[in-house]
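Now for the letters of each chain:
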Amino acid sequence: MVEWFVWKPNHPERETVARLSRDATFHYGEQAAKNNLKGRLHLESPSPGVYRLFIQNVAVQDSGTYSCHVEEWLLSPNYAWYKLAAVSYTHLTLPT
């Protein structure tokens, strides 16, 4: 699972921008709807296990600190999902 978050200026909680689920289904987060990001988000996977999220035509309302959280899930022999690892990546801040 890959999840992208944003912290907006003067807002204490992070909000989800987008999420790629274990079954590779792409979901827009609450922040995508609030800031009209749905038509401007672009997900790219240049190689297996590598994912990039782009915001096209960046605007002032996109300002904030962005981060990415990744969890690696595997399916056990008895068909139960288990989390193998989790990591959060460096933040990117878009200026206001």
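Before reading further, recall that the structure is shown in the block above.
Given the structure is predicted, the values throughout are model-derived calculations rather than measurements. (Residues numbered from 1 in each chain as written. Predicted model: local features only at pLDDT ≥ 70, side-chain atom pairs only at ≥ 80, totals over all residues. Heavy atoms only, no water.)

Visitor: So what exactly am I meant to see when it comes to the overall build of the protein here?
Guide: Tallying secondary structure elements over the protein gives one helix and eight strands in all. Structurally, the protein occupies a C-alpha span of about 50 × 25 × 20 Å along its principal axes. Looking at the protein residue by residue over its 96 residues, the buried ones come to 30%. For the protein, the proportion of contacts with a sequence separation of at least 24, taken over those separated by at least 6, is 35%. Of the side-chain charges in the protein, 9 are positive and 9 negative, and the distance between the mean point of each set is 2 Å. (Helix = DSSP H or I, 4+ residues; strand = E, 2+ residues; numbered from the N terminus. Buried < 20%, exposed > 50% of the residue type's maximum accessible area, 1.4 Å probe, protein only. Contact = heavy atoms within 4.5 Å. Lys, Arg positive; Asp, Glu negative; His and termini not counted. Charge placed at Lys NZ, Arg CZ, Asp CG, Glu CD.)

Visitor: Please explain the nonpolar core as it appears in this structure.
Guide: The nonpolar side chains of soluble globular proteins are, as a tendency, buried together. In terms of nonpolar packing, the biggest core is built from eleven residues, these being Val 2, Trp 4, Val 6, Val 17, Ala 18, Leu 20, Ala 32, Leu 37, Leu 41, Tyr 66 and Cys 68. Setting aside residues no more than four positions away along its own chain, Ala 18 makes contact with Val 2, Glu 3, Trp 4, Phe 26, His 27, Tyr 28, Gly 29, Leu 41 and Leu 53. (Core = buried A, V, L, I, M, F, W, Y, C linked by side-chain atoms within 4.5 Å.)

Visitor: Looking at this model, I keep getting lost on the pattern of salt bridges. Mind explaining?
Guide: If the charged atoms of two oppositely charged side chains come close together, the side chains can form a pair. In total, this model carries four salt bridges according to the counting rule given. For the salt bridge of Asp 62 with Arg 40, the shortest nitrogen-to-oxygen distance reads 2.8 Å. One end of the pair, Asp 62, is in the loop between strand E5 (50-55) and strand E6 (64-75); the other, Arg 40, is in the loop between helix H1 (30-34) and strand E4 (41-47), and 22 residues separate them in sequence. Judged by its relative accessible area of 0%, Asp 62 falls in the buried class. A salt bridge links Glu 44 to Arg 52; the nearest nitrogen and oxygen atoms lie 3.0 Å apart. Take Glu 44: its relative accessible area is 27%, and that puts it in the partly exposed class. (Salt bridge = Lys/Arg side-chain N within 4 Å of Asp/Glu carboxyl O.)

Visitor: Looking at this structure, I do not really get a nonpolar patch on the surface. What am I missing?
Guide: Where nonpolar side chains cluster on the molecular surface, the patch consists of Leu 74, Tyr 82 and Leu 84 and spans about 260 Å² of accessible area. Residue placement: Leu 84 occurs in strand E7 (residues 81-88). (Patch = residues over 30% accessible without salt bridge, like charges linked within 9 Å, V, L, I, M, F, W, Y side chains within 5 Å. Areas by Shrake-Rupley, 256 points an atom, 1.4 Å probe, with all protein chains shown as cover.)

Visitor: Please clarify how the environment of Asn 10 should be interpreted in this entry.
Guide: For Asn 10, the location among the structural elements is in the loop between strand E1 (2-7) and strand E2 (15-20). Asn 10 gets classed as exposed once you look at its relative accessible area, which sits at 83%. In the structure, Asn 10 is positioned 17 residues away from His 27 in sequence and 26 Å away in space, judged by C-alpha atoms.

Visitor: Can you help me understand the packing of aromatic side chains in this one?
Guide: Aromatic rings in a pair are described by how distant their centres are and how their planes are angled relative to each other. Tallied over the entire structure, the rule returns one aromatic pair. Ring geometry for Phe 26 and Tyr 28: centres 5.2 Å apart, planes at 85°, overall edge-to-face. For Phe 26, a relative accessible area of 27% translates into the label partly exposed. The lysine or arginine in question, Arg 14, covers the ring of Phe 5, its NZ or CZ lying 3.7 Å from the ring centre. (Phe/Tyr/Trp six-rings, centres within 6.5 Å; stacked < 30°, edge-to-face > 60°. Lys NZ or Arg CZ within 6 Å of the ring centre and 35° of its normal.)

As far as function goes, none of this settles anything; it's purely spatial.
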